[in-house]
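Read off the chains here:
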Amino acid sequence: MIFKNADVVFEDGVRRADLLVEGGKIAKILGAGEGGGPFIDCTGLTVFPGFIDMHVHLREPGFEYKETIETGSMSAVKGGFTQICCMPNTKPVIDNKVVARYVVMRGKEAGLAKIHPIGAITEGQRGETLSAIGGMKAAGVVALSEDGKTVANTKLMANAMLYASDFSLKCLCHCEDASLVDGGVVHEGYYSTLTGLKGSVRAAEDIVIAREICLAESLGLPVHICHVSTYSGVQLIREAKARGVAVTAETCPHYFTLTDEAIKDFDPNAKVNPPLREERDRLAVAEGLKDGTIDCIVTDHAPHHEDDKNVEFAYAAFGISGLETSFALSYTELVKKNVLTICGLAEKMSAAPARILGLEGGRIAEGMPADLTIADLGEKWTVDPAKFVSKGKNTPFGGREVYGRVKMTVVDGEIKYREEL
Ligand code: DOR
Ligand code: ZN
Ligand code: ZN
């Protein structure tokens with residue numbers, strides 16, 4: 001199969017080419033129009049290395065009413081993702097090889113995007129005892145995380161980094177000092193005062209970012225910071241990188257697209273953890289992406305059922321259903337506004353996550369898996385949660401006009417999603 005006349009996003013630039021795919025791999029990169037044989041005409045379309053989302057919540061096992069591995073997989077390929085990594089805050093928690101194997105198996109049964117489980121750092125995410133890391137690694141976990149929580153005990157976190165590194169795994173840290181958050185549901189600032197909703201300060205996030213950096217520095221081990229939302233957190237990571245700490249970081253489209261103004265009318269769809277912050281933070285997150293402080297874009301896809309979300313703000317679940325809007329929001333907010341180039345966006349959405357987790361793929365080159373995301377960058381569309389294939393319709397972006405539409409998603413040379421005409 002040949003993907004013909006595409007604008008292909010290579011690491012060093014976008015060039016018109018034909019991609020010859022054989023045996024699930026990119027067999028040959030040919031000049032535009034050079035390839036003969038059966039082909040898919042990609043004229044006018046842009047071919048990215050398949051997007052990789054290293055931070056999603058699939059809710060299975062245990063919360064299948066919110067999302068299943070199958071519906072999450074459908075949502076992933078519709079959003080252009082060829083590989084996704086799912087967080088362990090399921091029921092039971094992914095804290096042992098049995099649950100990890102189950103997720104891998106269900107991912108294969110869904111047969112769409114490649115699904116990689118992330119193991120919990122502690123048993124049951126209770127923050128008391130390290131989980132059995134070796135067995136989980138053998139079962140296919142690609143990282144460890146306590147996402148949804150911070151491992152409060154610093155000594156336990158240090159041990160987690162040490163054990164993780166023995167198994168060539170990284171810890172992905174959700175940074176939140178629970179004593180400071182103290183039940184806060186939004187960012188503490190003008191809009192928390194206006195609404196009377198309980199606020200949470202930047203320091204609640206920054207203190208743990210700083211702690212994880214200190215641990216990584218003192219142990220000489222890598223650490224990855226999840227969903228950075230504060231200007232001060234970006235600065236902590238920038239300074240740590242400058243002195244050689246092996247810290248990497250991610251952010252999500254909502255942190256560079258929205259501010260806490262989105263909660264002024266008590267829209268629970270804008271309730272997310274960490275919370276949407278101020279314009280100063282939004283700009284710093286974008287700047288962090290631009291200057292390399294923030295390595296990658298993830299969705300933190302957090303699908304919730306109507307019954308968990310459409311309730312009084314203080315009681316609503318935290319999270320945004322993100323897989324089907326991430327690419328368009330990122331393209332619209334970052335590329336069209338000259339924060340990143342198209343190659344820069346591919347770095348943040350494909351190459352960097354592959355590198356951080358040691359996954360195969362993430363770039364277009366001969367011999368790489370034929371994981372491709374084919375998009376129409378000129379197409380303008382309006383976000384309509386009713387059209388999401390994810391069970392989670394919870395998005396604060398409903399009605400927003402965006403650019404960049406995923407037309408086709410190819411995994412190991414097979415078309416897993418194609419937009420209906
Ligand atoms: O908003 C969030 N939702 N933040 C998290 O850390 C967890 C996630 C979830 O699991 O719903
Ligand atoms: Zn988190
Ligand atoms: Zn998360």
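Note: the structure precedes this text.
## Concerning the site of ligand 1
Taken together, 13 residues surround ligand 1, and among them Arg59, Asn89, His174, Asn273 and His304 come closest. With respect to ligand 1, the side chain of histidine 57 contributes an N or O atom lying 3.4 Å from an oxygen atom. Between ligand 1 and the protein, one listed contact pairs an oxygen atom with a side-chain N or O atom of asparagine 89 at 2.9 Å. Its free accessible area being 300 Å², ligand 1 has 93% of it covered by the protein chains. Classifying every residue of the shell around ligand 1 by side-chain character gives three nonpolar, seven polar and three charged.

## Section: the packing of aromatic side chains
Counted under the stated rule, the structure contains six aromatic pairs. A network of ring pairs unites the aromatic residues Phe48, Phe51, Phe81, Phe327 and Tyr331 as a single cluster. Sitting over the face of the ring of phenylalanine 39, lysine 4 holds its NZ or CZ atom 5.3 Å from the ring centroid. Taking the ring centre of tryptophan 381 as reference, the NZ or CZ of arginine 405 above it sits at 4.4 Å.

## Here we look at the sheet that holds strand S7 (residues 81-86)
With parallel pairing, the three strands of this open sheet are ordered in space as S6-S7-S8. In this open sheet, the two edge strands, each paired with only one partner strand, are strand S6 (51-56) and strand S8 (114-117). Going from strand to strand, the sheet's axes swing by 20° on average, the running direction of each strand aside. Alignment of S6 against S7, held across four bridges, turns out to be parallel. When the bridges of S7 are listed, phenylalanine 51 appears paired with phenylalanine 81. Along the sheet, helix H13 (residues 342-357) contacts S6 and S7; its crossing angle with S6, the most-contacted strand, is approximately 60°.

## Remarks on the nonpolar core
Counting residues in each nonpolar core, the largest one holds 108 residues, and the members touching the most others are Phe327 and Leu357. Among the elements that line this core, the one with the most residues is H13, at eight residues. Setting aside anything within four residues of it in sequence, one finds phenylalanine 327 in contact with Phe48, Phe51, Gly79, Leu345, Met349, Ala375, Leu377, Gly404, Arg405 and Val406.

## Quick word on the pairing of strand S1 (residues 2-10)
Across the nine residues that make up S1, a large majority, seven, are buried. Direction of pairing for S1 relative to strand S4 (residues 39-41): parallel, over a ladder of three bridges. Opposite lysine 4, over in S4, you have aspartate 41 as the bridge partner. Summarising the sheet, S1 and strand S2 (residues 13-22) pair through seven bridges and their orientation is antiparallel. Paired with phenylalanine 3 across the bridge in S2 is leucine 19. Pairing geometry for S1 and strand S5 (residues 46-49), over two bridges, is parallel. Counterpart to valine 8 in the pairing with S5 is valine 47.

## Observations concerning the packing of helix H12 (residues 326-335) against H13
Interaxial distance between H12 and H13 falls to 11 Å at its minimum, and their mutual angle equals 140°. One finds that H12 runs oblique with respect to H13. Note on packing geometry: the crossing formed by H12 with H13 is right-handed. Taking contact as the criterion, the partners of Ser326, Phe327, Ser330, Tyr331 and Val335 in H12 are, on H13, Ile342, Leu345 and Met349. Classifying every residue of the contact of H12 with H13 by side-chain character gives six nonpolar, two polar and no charged.

## A closer look at a nonpolar patch on the surface
On the surface, Leu162, Tyr163 and Phe167 cluster together to form a nonpolar patch covering roughly 260 Å² of accessible area. Counting through the fold element by element, tyrosine 163 comes out in helix H4 (residues 154-166). The class for tyrosine 163 is partly exposed, based on a relative accessible area of 45%.

## Considerations on the pattern of salt bridges
If charged atoms from side chains of opposite charge come close, those side chains can pair. On inspection of all chains with the given rule, the structure shows 30 salt bridges. With a closest N to O distance of 3.8 Å, glutamate 11 and arginine 363 form a salt bridge. Of this pair, glutamate 11 sits in the loop between S1 and S2 while arginine 363 sits in the loop between H13 and strand S16 (372-382); the two residues are 352 residues apart in sequence, bridging distant segments of the chain. A salt bridge links aspartate 182 to lysine 198; the nearest nitrogen and oxygen atoms lie 3.7 Å apart. With aspartate 182 in the loop between helix H5 (178-181) and strand S11 (186-187) and lysine 198 in the loop between helix H6 (190-195) and strand S12 (199-200), the pair connects residues that are 16 residues apart, well separated along the chain. Given the relative accessible area of 49%, aspartate 182 is considered partly exposed. Looking at lysine 198, the relative accessible area reads 41%, which means it is partly exposed.

## Considerations on the packing of H4 against helix H7 (residues 202-219)
Interaxial distance between H4 and H7 falls to 10 Å at its minimum, and their mutual angle equals 50°. It follows that H4 is oblique to H7 by the angle criterion. In this structure, H4 crosses over H7, and the sense of that crossing is right-handed. For the pair H4 and H7, the contacting residues are Thr154, Met157, Ala158, Met161 and Leu162 in the first and Arg211, Glu212, Leu215, Ala216 and Leu219 in the second. Of the residues in the contact of H4 with H7, the class split is seven nonpolar, one polar and two charged.

## Here we look at the coordination of the zinc ion (ligand 3)
All of the protein donors around the zinc ion (ligand 3) are His55 (NE2), His57 (NE2), Asp147 (OD) and Asp300 (OD); their distances to the metal are 1.9 to 2.1 Å. Of note is the zinc ion (ligand 3), whose four donor atoms meet at the metal with angles of 86 to 177° in an arrangement that counts as irregular. Sequence spacing among the residues donating to the zinc ion (ligand 3) works out to H-x1-H-x89-D-x152-D. A distance of 3.5 Å spans the gap from the zinc ion (ligand 3) to the zinc ion (ligand 2), which aspartate 147 bridges by coordinating each metal. By the burial criterion, histidine 55 is buried, and histidine 57 matches it.

What counts as what
- Residues numbered from 1 in each chain as written.
- Chains lettered and ligands numbered in written order.
- Predicted model: local features only at pLDDT ≥ 70, side-chain atom pairs only at ≥ 80, totals over all residues.
- Heavy atoms only, no water.
- Near = heavy atom within 4 Å.
- Polar contact = N/O pair within 3.5 Å; in protein donor to acceptor, adjacent residues only side chain to side chain.
- Areas by Shrake-Rupley, 256 points an atom, 1.4 Å probe, with all protein chains shown as cover.
- Nonpolar A, V, L, I, M, F, W, Y, C, P; charged D, E, K, R; others polar.
- Phe/Tyr/Trp six-rings, centres within 6.5 Å; stacked < 30°, edge-to-face > 60°.
- Lys NZ or Arg CZ within 6 Å of the ring centre and 35° of its normal.
- Pairing = 2+ DSSP bridges.
- Helix = DSSP H or I, 4+ residues; strand = E, 2+ residues; numbered from the N terminus.
- Axes fitted to C-alpha atoms, helices over the stretch in contact; angles between N-to-C directions.
- Contact = heavy atoms within 4.5 Å.
- Core = buried A, V, L, I, M, F, W, Y, C linked by side-chain atoms within 4.5 Å.
- Buried < 20%, exposed > 50% of the residue type's maximum accessible area, 1.4 Å probe, protein only.
- Parallel < 35°, antiparallel > 145°, perpendicular 65-115°, else oblique.
- Left-handed = near helix turned anticlockwise from the far one by under 90°.
- Patch = residues over 30% accessible without salt bridge, like charges linked within 9 Å, V, L, I, M, F, W, Y side chains within 5 Å.
- Salt bridge = Lys/Arg side-chain N within 4 Å of Asp/Glu carboxyl O.
- Donors = N, O, S within 2.8 Å, 3.2 Å for Na, K, Ca; no water.
- Tetrahedral: all angles 85-135°; square planar, octahedral: opposite > 155°, others 65-115°.

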